[in-house]
Amino acid sequence: MMDRNELDAFAAQYKLGREAVDAALEISRARPTSDELWRFAISLLRLAGALSIAAGIVFFVAANWEEIDVLARFGLVEALLVASAGVALWRPPPHALGRGALLFAFVMAGALLALFGQTYQTGANVYELFLTWSVLGLPLVIAAQWSVSWGAWVLVLNVALGLFCSLRPEDGWFWFLISGTRLDAAELLLAPMMVNLSLWGLREYVEETRWSAIAPPWLGRLVLACAVGYGTWAGTIVILGENGNTGGDALALLFVIIAFVCVATYAIRKRTDVFPLAALAGSAIVLTTTALATAVEMDDEVIFFLLSIWLIASSTVSGRLLMKLVRLWAREAEA
């Protein structure tokens, strides 16, 4: 059976018309059937229902904060956490019920940490809550064996890292680990960038193993997008000179460039997914636009039109090059 990329290459090679393309899609069953669409809708509604119930519990406790005493608050959240773990033991993954229960337990673990911090006013920073949530919830995510749970964990982890890098409160247990290093903002952003790049590399490795089902391409794209985002953030800080253009900033920008070149080299050698190159192209457009706006000393109207022309030109060229690569790689896969 031909996959979608092979069908696209086949249609492009023989210049098939609309009716021929429709016939090819029907014969190869590349289009989802009504039963497949129905199963997908049911799975999506189940996921939305589990997340809605978890959010409802959090809002219920918050709305009735004064009416519910401390023991009742903790008892409700802990009972739901234990119950969801029990359901997962009753119907363990890869059963859909077990996976949904463990995702619900992961959300409840975060709610329990937030409830503890709000009740006892521990003085912990917000980033510490999310970072602790990601650490304590990791066993639940591993047990779920589900890409959706991993996606939720990646989001929680990156919220923690993003809050830490943006607020940079010089206290808390995470800051203690890197205290004394005297990192500026740009250098500090290299840490979450490398964390996400490491997760992307791990996903690429897992793709060739029997665990590939829990590491689909969209999950790798998510962590890679986070890595490119942190690298772009660091590069923008250096270009704008917010830290005084120190030697450390120059090294940070050089490190980002080297990391991005390595990602591009890997993607070009693998020749299967153009997303890494698209993400890097977007980052390059942002960085060059920032550099151009910083370097040019003209009237605001002139700078506006100059940047507009640059954005249009760079986006057009990038899009055309990326589409050319997509077609080239599709033909190579067909051959």
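Everything numeric in this text was worked out from a predicted model, so none of it was measured.

1. Focus: a nonpolar patch on the surface
Thinking step 1. On the surface, a cluster of nonpolar side chains totalling about 290 Å² of accessible area is made up of Val70, Phe116 and Tyr120.
Thinking step 2. By the element assignment, Phe116 lies in helix α5 (residues 96–120).

2. Quick word on the side chain of Asn158
Thinking step 1. With respect to the element layout, Asn158 can be found in helix α7 (residues 147–167).
Thinking step 2. Residue Asn158 is classed as buried on the basis of its relative accessible area of 9%.

3. Looking at the packing of helix α4 (residues 70–90) against α5
Thinking step 1. Packing of α4 against α5 leaves a shortest axis separation of 8 Å and a crossing angle of 160 degrees. Looking at the two axes, α4 sits roughly antiparallel to α5. When the axes of α4 and α5 are compared, the crossing they make is left-handed.
Thinking step 2. Taken together, the residues of the contact of α4 with α5 break down into 20 nonpolar, three polar and two charged.

4. Overview of the packing of aromatic side chains
Pairs of aromatic rings are described using the distance from one ring centre to the other and the angle between the two planes.
Thinking step 1. In this structure the tally under the stated criterion is nine aromatic pairs.
Thinking step 2. Taken together, the aromatic side chains of Phe74, Phe116 and Tyr120 make up a single cluster linked through ring pairs.
Thinking step 3. Positioned over the ring face of Trp65 is Arg73, at 3.8 Å from the centre of the ring.
Thinking step 4. We note Arg91 situated over the ring of Trp90; from NZ or CZ to the ring centre the distance is 4.1 Å.

5. Some remarks on the environment of Ala259
Thinking step 1. Within the secondary structure layout, Ala259 lies in helix α12 (residues 247–270).
Thinking step 2. Along the chain, Ala259 and Met194 lie 65 residues apart, while their C-alpha atoms are 8.7 Å from each other.
Thinking step 3. Beyond its immediate sequence surroundings of up to four residues, Ala259 is in contact with Met193 and Leu197.

6. A closer look at the environment of Val195
Thinking step 1. Mapped onto the elements, Val195 comes out in helix α10 (residues 190–206).
Thinking step 2. What makes Val195 partly exposed here is its relative accessible area of 33%.
Thinking step 3. The spatial distance from the C-alpha of Val195 to the C-alpha of Leu157 is 9.8 Å, given a sequence separation of 38 residues.
Thinking step 4. Those residues in contact with Val195 that sit more than four places away from it in its chain are Leu157 and Leu161.

7. Here's the deal with the side chain of Arg73
Thinking step 1. Within the secondary structure, Arg73 sits in helix α4.
Thinking step 2. Although Arg73 lies buried, it forms no salt bridge, and the closest oppositely charged side chain, Glu66, sits 5.8 Å away as judged by the N-O distance.
Thinking step 3. Setting aside residues up to four positions removed in sequence, Arg73 forms contacts with Val61, Trp65, Ile68, Leu115 and Thr119.

8. Some words on the pattern of salt bridges
Thinking step 1. According to the stated counting rule, one finds five salt bridges in the structure shown.
Thinking step 2. Measuring nitrogen to oxygen at the nearest pair gives 3.0 Å for the salt bridge that ties Arg203 to Glu204. Residues Arg203 and Glu204 agree in their burial class; the two are buried.
Thinking step 3. Notably, a salt bridge pairs Lys270 with Glu204, separated by 2.5 Å at the nearest N-O pair.

9. Considerations on the packing of α5 against helix α6 (residues 126–144)
Thinking step 1. Orientation of α5 relative to α6, taken along the N-to-C sense of each, is 160 degrees, at an axis distance of 9 Å. Between α5 and α6, the crossing angle belongs to the class labelled roughly antiparallel. Crossing angle aside, the handedness with which α5 passes α6 is right-handed. Side by side, α5 and α6 meet where Arg99, Leu102, Ala105, Phe106, Val107, Ala109, Gly110, Leu113 and Ala114 of the first sit next to Leu129, Thr132, Trp133, Leu136, Gly137, Leu140, Val141, Ala143 and Ala144 of the second.

Definitions and limits used
Residues numbered from 1 in each chain as written. Predicted model: local features only at pLDDT ≥ 70, side-chain atom pairs only at ≥ 80, totals over all residues. Heavy atoms only, no water. Patch = residues over 30% accessible without salt bridge, like charges linked within 9 Å, V, L, I, M, F, W, Y side chains within 5 Å. Areas by Shrake-Rupley, 256 points an atom, 1.4 Å probe, with all protein chains shown as cover. Salt bridge = Lys/Arg side-chain N within 4 Å of Asp/Glu carboxyl O. Helix = DSSP H or I, 4+ residues; strand = E, 2+ residues; numbered from the N terminus. Buried < 20%, exposed > 50% of the residue type's maximum accessible area, 1.4 Å probe, protein only. Axes fitted to C-alpha atoms, helices over the stretch in contact; angles between N-to-C directions. Parallel < 35°, antiparallel > 145°, perpendicular 65-115°, else oblique. Left-handed = near helix turned anticlockwise from the far one by under 90°. Nonpolar A, V, L, I, M, F, W, Y, C, P; charged D, E, K, R; others polar. Phe/Tyr/Trp six-rings, centres within 6.5 Å; stacked < 30°, edge-to-face > 60°. Lys NZ or Arg CZ within 6 Å of the ring centre and 35° of its normal. Contact = heavy atoms within 4.5 Å. Lys, Arg positive; Asp, Glu negative; His and termini not counted.

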